[in-house]
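Okay, here's what each chain looks like letter by letter:
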Amino acid sequence: MSVLPWSLLPDNSSVGPAGQLVVAGCDTLELASEFGTPLFVYDEDHLRARCREAVRAFPGGAQYATKAFLCKAMASLAYEEGMQLDVSTGGEYHVARAAGVPAQHLVLHGNNKSEQELAVALRERVGRVVVDSFDELDRIERLVAEGLPVPQVLIRLTPGIEAHTHEYVQTGQDDSKFGFGIHTGAAEEAIRRAASSPAVALVGVHVHIGSQIFEADFFERAVHIVGPWCRDHGLAELSIGGGLGVAYVEGEDAPTITEWAAAVHRAVDRVGLDVRVSAEPGRSIVAQAGVTLYTVGTIKPIPGIRTYVAVDGGMSDNPRPVLYDSGYETFLPRAVLADRSKVVTVVGKHCESGDLLVRDGKVPADLAVGDILATPVTGAYGHSMGSNYNKVPRPAVVFVRNGTARLVVRRETYEDLLRLDV
Ligand code: LLP
C-alpha cells in the first residue's frame, strides 16, 4: 500500500463522505469546479497558526519572508498575526505597503538595492535595512546627505558555512554574492564603517545560511560564528534569517518552527549573548498550507518506458522541480486515502521536455483523463516563482477557512497577457 502521508496535507484537512479531500471544510473538487484549475488552495488557519508559532518562538521579532508567497491577503494575514515582513525588492515592499503593512514593520533586504528602492524605504522610515554591500552604504550615505531619515540597519555577515541543501539556495559560504564575508575581512570593515557613519544607525547583524535546511546544527554554527560580533561591537540585535526546511515527500522529517527556535536560543545562550534574536521564516510558514489542484488532460503510456500524465499547469506554476530537481507527492483529491499503486510522470503543458512536475508520482490505478490531480506542499516558491511562459495565465489563489473559500488572487486572463504591450 502506498497512501499519501497525511502529514503533508494542510492542518485542517479531512476526508469527505465520498473519500474526497476536504480542506478547512471546503470540498477540493468543488473548489476546482468553482474556481477552475490550476488552483492554489491555502488553509488559512494553517497559515495563521504558523505565523503565531513563529511570533511565540521568536519574541525578539519574526519576519515573514514574503518571497515564499506574497499577495495582499498574505501580507495582511502575517501582519495581523504579529509578524513583521521581510521584503527583498521594491516590488515586495510595494505589495506589502499596498496591503496596509506600515513601513516600520518591514525589513528591507537585497544584495543590489537600487537608490530608488532605498529612497522610498528611507523616506517611509522602514523598520530595518539589512545592508549587503559597500556600494549600498555609499547609496545610503548619499540619500541621507540629501535629507532622508537615517535608517536603522543590520549588517549581513557571510559566515563561511556550507549548509546541506541545494547549491542554488546555499548562501552562507564564502563564495557568495550575499553579505560581507567574515573570512575575507569585509565584515570587520563594514561594521567599522557603519558604526562610524552618521548616515546609519547600526543596531545589529544578520546571517542567512540558505534555505530548505533540515539540520538545526547549521543554525547553531551560524550563531556561534556570528554571535560574538554582536558582543564585540556592542550590538543589540541578531537576525538569523530563514531557511528552516519542510517535508515535501514521504520519509522526510523537518524540525518545527518551535524546535528550530529552541536550537537557536540555546546557541545564543551558549555564546553568552544578551541580544534580541529575530528570524525570517518563509517556507516553513506557507509550504504545507498550500495544495495545487490540476486537471489531467492527457495520459500517454509508453509501453516498457513510462506513462506521462499531462496536467493544465506545469513549470509556470511550479518551477522548483526543474530548477532544483525538487520532489513532490501526487494524489487524487477524489480518493485521498486510496492506494497509489501506479507510478506516472506528471508533466505540464509547456513546450519543452523539461517541463516536469513529479518524476515518479504515485497515483491510484484508475486515474483517468478529466481527474483532478493534486500536489501537496506547494505553498512556498510556486506561485511566487511562477511565470507566464508560453503565455499560460497564472493560476488563481484561494484561502479556505471554516467552510468558506475566499478568492485572494484571481486567475490571469488572456487580456492580462496583453496589458504590458504598447
Ligand atoms: N531571509 C533571507 C535573507 C532569505 O534570503 C530567505 C530566502 C529567507 C529569509 C527565507 O527562507 P526560507 O525560510 O523560505 O527558507 N526559491 C528557493 C528558495 C530561495 C530562498 C531565498 N531566500 C526554493 O524554491 O527552494
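Quick notes on the rules
- One numbering rule holds for all chains: residues counted from 1, following each sequence as written.
- A pLDDT threshold of at least 70 governs which residues receive local features in this predicted model, and a stricter bar of 80 or more applies before side-chain atom pairs are shown or counted, although totals over entire chains, interfaces and linings include all residues.
- By convention in this description, side-chain values take in all heavy atoms of the structure and omit both hydrogens and water.
- Put simply, a salt bridge is a Lys or Arg side-chain nitrogen that is within 4 Å of an Asp or Glu carboxyl oxygen.
- A helix here means a DSSP run of H or I that spans at least four residues, while a strand means a run of E at least two residues long, and both kinds are numbered starting from the N terminus.
- Type-normalised accessible area, obtained with a 1.4 Å probe on protein chains alone, sets the label of each residue: buried when under 20%, exposed when over 50%, and partly exposed for intermediate values.
- Here, the term nonpolar core denotes a set of buried Ala, Val, Leu, Ile, Met, Phe, Trp, Tyr and Cys residues that are joined through side-chain atoms within 4.5 Å.
- Contacts were defined at the residue level, with two residues in contact if any of their heavy atoms lie within 4.5 Å.
- Note on pairing: two strands pair once DSSP finds at least 2 bridges between them.
- Here a residue is near a molecule or strand as soon as one of its heavy atoms is found within 4 Å of it.
- Whenever a nitrogen or oxygen atom comes within 3.5 Å of another N or O atom, the pair is scored as a polar contact, on the condition that within protein one atom can donate a hydrogen and the other can accept it, and that pairs from neighbouring residues in sequence are kept only if both atoms are in side chains.
- Only protein atoms enter the calculation, which uses a 1 Å grid: trapped sets of points that fit a 1.4 Å probe without letting it out are cavities, open sets showing protein on both sides within 12 Å along at least five of seven lines are pockets, and any residue with an atom within 4 Å of a point is a lining residue.
- Put plainly, a molecule is in a cavity or pocket when over half of its atoms are within 2 Å of the grid points there.
- In this classification, the charged set is Asp, Glu, Lys and Arg, the nonpolar set is Ala, Val, Leu, Ile, Met, Phe, Trp, Tyr, Cys and Pro, and all remaining amino acids, among them Gly, are polar.
- Segment limits for the domains were obtained from an automatic or database-derived domain assignment.
- Grid points are joined across faces, edges and corners, and a volume is the space filled by probe spheres set on the points.
- Buried area is a sum: the accessible area each of two parts loses on coming together, probed at 1.4 Å, counted once for each and added.
- Only centres within 6.5 Å qualify two rings of Phe, Tyr or Trp (six-membered ring in Trp) as a pair; their planes then separate them into stacked at under 30 degrees, edge-to-face at over 60, and tilted for everything else.

## Here we look at the pattern of salt bridges
Move 1: Applying the stated criterion across every chain yields a total of 27 salt bridges.
Move 2: In this structure, the salt-bridge partner of Asp366 is Arg334, at a minimum N-O distance of 3.4 Å. Of this pair, Asp366 sits in the loop between strand 17 (356-363) and strand 18 (372-376) while Arg334 sits in the loop between helix 11 (320-324) and strand 16 (342-347); the two residues are 32 residues apart in sequence, bridging distant segments of the chain.
Move 3: By relative accessible area, Arg334 is classed as partly exposed at 26%.
Move 4: Put simply, Glu44, Asp45, Arg48, Arg52, Glu80, Glu81, Arg401 and Arg406 are held in one network by salt bridges that share partners.

## Section: the nonpolar core
Move 1: Counting residues in hydrophobic clusters, the biggest one holds 107 residues, and the most contacted among them are Phe58, Met74, Leu238, Val286 and Leu373.
Move 2: With residues near it in sequence (within four places) discarded, Met74 still touches Leu47, Tyr64, Phe69, Ile285, Val286 and Phe399.
Move 3: Judged by nonpolar contacts, the second largest core, of 20 residues, contains Leu9, Cys26, Val336 and Val400.

## Focus: the pairing of strand 18
Move 1: Most of strand 18 sits inside the fold, with 5 of its 5 residues counted as buried.
Move 2: Covered by surrounding structure in strand 18 are Ile372, Ala374 and Pro376 together with Leu373 and Thr375, the residues of both alternating faces.
Move 3: Sheet analysis places strand 14 (residues 290-302) next to strand 18, joined by 5 bridges and oriented antiparallel. Looking at strand 18, one finds that Thr295 is bridged to Ile372.

## Considering the site of the ligand
Move 1: Residues in close proximity to the ligand total 19 residues, the closest being Ser211, Glu280, Arg283, Arg320 and Tyr381.
Move 2: Interatomic distance of 3.4 Å between a side-chain N/O atom of Asp86 and a nitrogen atom of the ligand.
Move 3: Separating an oxygen atom of the ligand from a side-chain N or O atom of His208 is a distance of 3.5 Å.
Move 4: Here the ligand is seated within the largest pocket.
Move 5: Taken together, the residues of the shell around the ligand break down into 6 nonpolar, 7 polar and 6 charged.
Move 6: Summarising the domain contributions, the shell around the ligand has at least three residues from each of domain 1 (6-43 + 287-418) and domain 2 (44-286).

## Some points on empty space enclosed by the protein
Move 1: The tally for this structure, following the rule as stated, stands at 1 cavity of 30 Å³ or more.
Move 2: Roughly 30 Å³ of volume is contained in the largest cavity.
Move 3: Taken together, Phe40, Ser316, Asp317, Gly382, His383, Gly386, Ser387, Arg394 and Pro395 form the lining of the largest cavity.
Move 4: Tallied by class, residues from the lining of the largest cavity come to 2 nonpolar, 5 polar and 2 charged.

## Some points on the domain arrangement of the chain
Move 1: When cut into domains, the chain gives domain 1 (6-43 + 287-418) and domain 2 (44-286).
Move 2: Computed from C-alpha atoms alone, the centre-to-centre distance between domain 1 and domain 2 is 31 Å.
Move 3: Facing 32 residues of domain 1, the contacting portion of domain 2 comprises 26 residues.
Move 4: Roughly 2,500 Å² of surface becomes buried between domain 1 and domain 2 when both sides are summed, with 55% attributable to carbon and sulfur atoms.
Move 5: At the junction of domain 1 and domain 2, the tally comes to 6 salt bridges.
Move 6: One salt bridge connects Arg406 with Glu44, and the closest N-O pair in it is separated by 3.1 Å.
Move 7: Counting the contacts that link domain 1 with domain 2 gives 18 residue pairs in polar contact (both at pLDDT 80 or more).
Move 8: Looking at the side of domain 1 that touches domain 2, the elements that each hand over two or more residues are strand 4 (39-43), helix 11, strand 19 (396-401) and strand 20 (404-409).
Move 9: Counting residues per element, the side of domain 1 that touches domain 2 draws most heavily on strand 19, at 4 residues.
Move 10: The class makeup of the residues in the side of domain 1 that touches domain 2 is 16 nonpolar, 8 polar and 8 charged.

## Thoughts on the layout of surface pockets
Move 1: In this structure, the largest pocket spans a volume of roughly 1,100 Å³.
Move 2: Listing elements by their share of the lining of the largest pocket, those giving two or more residues are helix 4 (90-98) and helix 11.
Move 3: At 5 residues, helix 4 tops the list of elements feeding residues into the lining of the largest pocket.
Move 4: Considered class by class, the residues forming the lining of the largest pocket number 13 nonpolar, 24 polar and 13 charged.
Move 5: Formed jointly, the lining of the largest pocket draws a minimum of three residues from each of two domains, domain 1 (6-43 + 287-418) and domain 2 (44-286).

## Concerning the packing of aromatic side chains
Move 1: Tallying each qualifying case throughout the model produces 7 aromatic pairs.
Move 2: Consider the rings of Phe134 and Phe180, whose centres lie 4.9 Å apart with planes at 70°: the pair is edge-to-face. Placement of the pair is Phe134 in helix 6 (residues 134-145) and Phe180 in strand 10 (residues 180-181), with a sequence separation of 46 residues.
Move 3: By the ring-pair criterion, three or more aromatic residues cluster together here, those being Tyr42, Phe69 and Phe399.

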